[in-house]
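# Examination of the molecular architecture
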Amino acid sequence: MGKIIAITNQKGGVGKTTTSVNLAAALGCRKKKTLLVDVDPQGNSSSGLGVDRRTLEASVYDVLIGSRSANQIKMDTPFENLDLLPSNMDLAGAEIELIDFDHRESILKNALAPLRESYDYILIDCPPSLGIITTNALCAADTILVPIQCEYYALEGLSQLMNTVRRVKRQYNSHLDLEGVLLTMYDGRLNLTQQVVEEVKKYFPQKVFGTVIPRTVRLSEAPSFGKPIQYYDGASKGAEAYDSLAEEIIRRGL
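Worth saying up front: this structure is predicted, and the values here are computed from it rather than measured. Within each chain, residues carry numbers counting from 1 in the order of the written sequence. Only residues with pLDDT of 70 or above have their local features reported here, since the model is predicted, and side-chain atom pairs are shown and tallied only from 80 upward, although totals for entire chains, interfaces and linings are computed over all residues. For the side-chain quantities, the full set of heavy atoms in the structure was used; hydrogens and water were omitted.

### So, the pairing of strand β5 (residues 121-125)
A regular strand places its side chains so that they alternate between the two faces of the sheet. Most of β5 is tucked away, with 5 of its 5 residues classed as buried. We call a residue buried when its accessible area falls under 20% of the maximum for its residue type, exposed when it is over 50%, and partly exposed in between, using a 1.4 Å probe and counting protein chains only. For the purposes of this entry, the term helix denotes a DSSP run of H or I that reaches at least four residues, the term strand denotes a run of E that reaches at least two, and both are numbered from the N terminus. Burial of the side chains of β5 extends over both faces: Tyr121, Leu123 and Asp125 are buried on one face and Ile122 and Ile124 on the other. With 5 bridges joining them, strand β1 (residues 3-7) and β5 adopt parallel strand pairing. Bridging from a neighbouring strand, isoleucine 5 pairs with leucine 123 of β5. DSSP calls a pair of strands paired once it identifies at least 2 bridges connecting them. Across 5 bridges, the pairing between strand β2 (residues 34-38) and β5 is parallel. In the sheet register, valine 37 faces β5, and the bridge partner there is isoleucine 124.

Printed below as a string of structure tokens:
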């Protein structure tokens, strides 16, 4: 049964989507059957895999409101062992529409349940908020992966995120655990970077990945070509970093 990892941090611009797309591709390159679930209304994970969001006939929104099954909207991608549940701006209205649904926090979990046997990993790219869509992702997940940018305000808002995780764990998903914290946009030449690393390690002892994701131009360019970094520039430092992260996650076991 596939492991479900929610990639989340309510702070924007920390590398959630970059990590979702490139980790999913790296796992696929390692013969791990992987499904990327895009639950961010911006749909950047979908476009990062070459999907034109404007032409989608259905998306994760349709799954959440119950008009389609996850299997009906699942898409093949041109990338090895990697499928996608796409998203678009329709999802922005789901927060309000789901208010009247019974057991609304479990809709995504129930939708993904029939697919778990078909995958080694299911990654969920969460929106930069702590609303009902993120709650759905946390209810569905086995673990969460938290990207943190190596900048001055790195830990800002993290206590709020961890409070939400504890609430979901207490009320809906007692097995939810922290997969790890990923340091992104890393520049080892800066003193500030080293200070942030130490601060994050104090806040999350034993839970910071050994892999760090460097700040590189190639990682920034890849989404505009609709390709993960492994397929855009497989010899780049960014590709090497996400390959290393995939290995680290696989070593921990399914």
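Moving on, there is more to tell.
### Looking at the nonpolar core
Here the nonpolar core consists of buried residues drawn from Ala, Val, Leu, Ile, Met, Phe, Trp, Tyr and Cys, with membership extended through side-chain atoms lying within 4.5 Å. The biggest cluster of nonpolar side chains holds 52 residues, and the ones touching the most others in it are Val37, Leu108, Leu112, Ile124, Ile148, Val200 and Phe204. With 6 residues, helix α7 (residues 132-140) is the largest single contributor of residues to this core. Sequence-distant contacts of isoleucine 148, defined by excluding residues within four places in its chain, comprise Asn9, Ala154, Leu155, Leu158, Val181, Leu182, Leu183, Thr184, Val200 and Phe204. If you look at the next biggest cluster of nonpolar residues, it comprises 31 residues, including Ala25, Leu27, Leu82 and Ile213. The contact definition used throughout considers only heavy atoms, calling two residues in contact when any of these lie within 4.5 Å.

### A short note on helix α1 (residues 16-29)
What sets the pattern is the α-helix's 3.6 residues per turn: residues three or four places apart point alike. For α1, spanning 14 residues, the distance from its first C-alpha to its last is 20 Å, which sits close to the expected 20 Å at 1.5 Å a residue. For α1, a buried count of 11 out of 14 residues is recorded, marking the element as mostly surrounded by other parts of the structure. Residues of α1 that are buried: Lys16, Thr19, Ser20, Val21, Asn22, Leu23, Ala24, Ala25, Ala26, Leu27 and Gly28. Phi turns positive one or two residues past the end of α1, at lysine 31, with a value near 65°. Given a helix with a known number of residues, its expected span is that number minus one, times 1.5 Å.

### Observations concerning the packing of α1 against helix α12 (residues 237-251)
In contact at an axis separation of 9 Å, α1 and α12 are set at 70° when each is read in the N-to-C sense. By the criterion of interaxial angle, the relationship of α1 to α12 is roughly perpendicular. Here α1 runs over α12; the crossing is right-handed. In contact with Thr18, Thr19, Asn22, Leu23, Ala26 and Leu27 of α1, α12 contributes Tyr242, Asp243, Leu245, Ala246, Ile249 and Ile250. Partitioning the contact of α1 with α12 into residue classes produces 8 nonpolar, 3 polar and 1 charged. In this analysis, axes come from line fits to C-alpha atoms, helices being fitted only over the stretch in contact, and the angle between any two N-to-C directions falls in the range 0 to 180 degrees. The labels follow the angle: roughly parallel below 35 degrees, roughly antiparallel above 145, roughly perpendicular from 65 to 115, and oblique for the rest. By convention, the crossing between two helices is left-handed when the near helix turns anticlockwise from the far helix through less than a right angle, and right-handed when the turn is clockwise. Each residue gets one label: Ala, Val, Leu, Ile, Met, Phe, Trp, Tyr, Cys and Pro are nonpolar, Asp, Glu, Lys and Arg are charged, and the others, such as Gly, are polar.

### Quick look at the environment of cysteine 150
With respect to the helices and strands, the residue cysteine 150 is situated in the loop between β6 (143-149) and α8 (158-171). By relative accessible area, which is 6% here, cysteine 150 ends up buried. For the pair formed by cysteine 150 and alanine 246, sequence separation is 96 residues and the distance between their alpha carbons is 20 Å. If we ignore the near neighbours within four places in the chain, the residues touching cysteine 150 are Leu183, Thr184, Met185, Tyr186, Thr193 and Val196.

### So, the layout of surface pockets
Only protein atoms enter the calculation, which uses a 1 Å grid: trapped sets of points that fit a 1.4 Å probe without letting it out are cavities, open sets showing protein on both sides within 12 Å along at least five of seven lines are pockets, and any residue with an atom within 4 Å of a point is a lining residue. Grid points are joined across faces, edges and corners, and a volume is the space filled by probe spheres set on the points. When its volume is computed, the largest pocket comes out at roughly 350 Å³. Among the secondary structure elements, those contributing two or more residues to the lining of the largest pocket are α1, β7 (177-186), β8 (208-214) and α10 (217-221). With 4 residues, α1 is the single largest residue contributor to the lining of the largest pocket. Here the residues of the lining of the largest pocket are counted per class, giving 8 nonpolar, 11 polar and 4 charged. Around the second largest pocket sit 13 residues that line it, and Lys109, Arg116, Cys139, Ala140 and Asp142 are the ones nearest its centre. Among the secondary structure elements, those contributing two or more residues to the lining of the second largest pocket are α6 (107-112) and α7.

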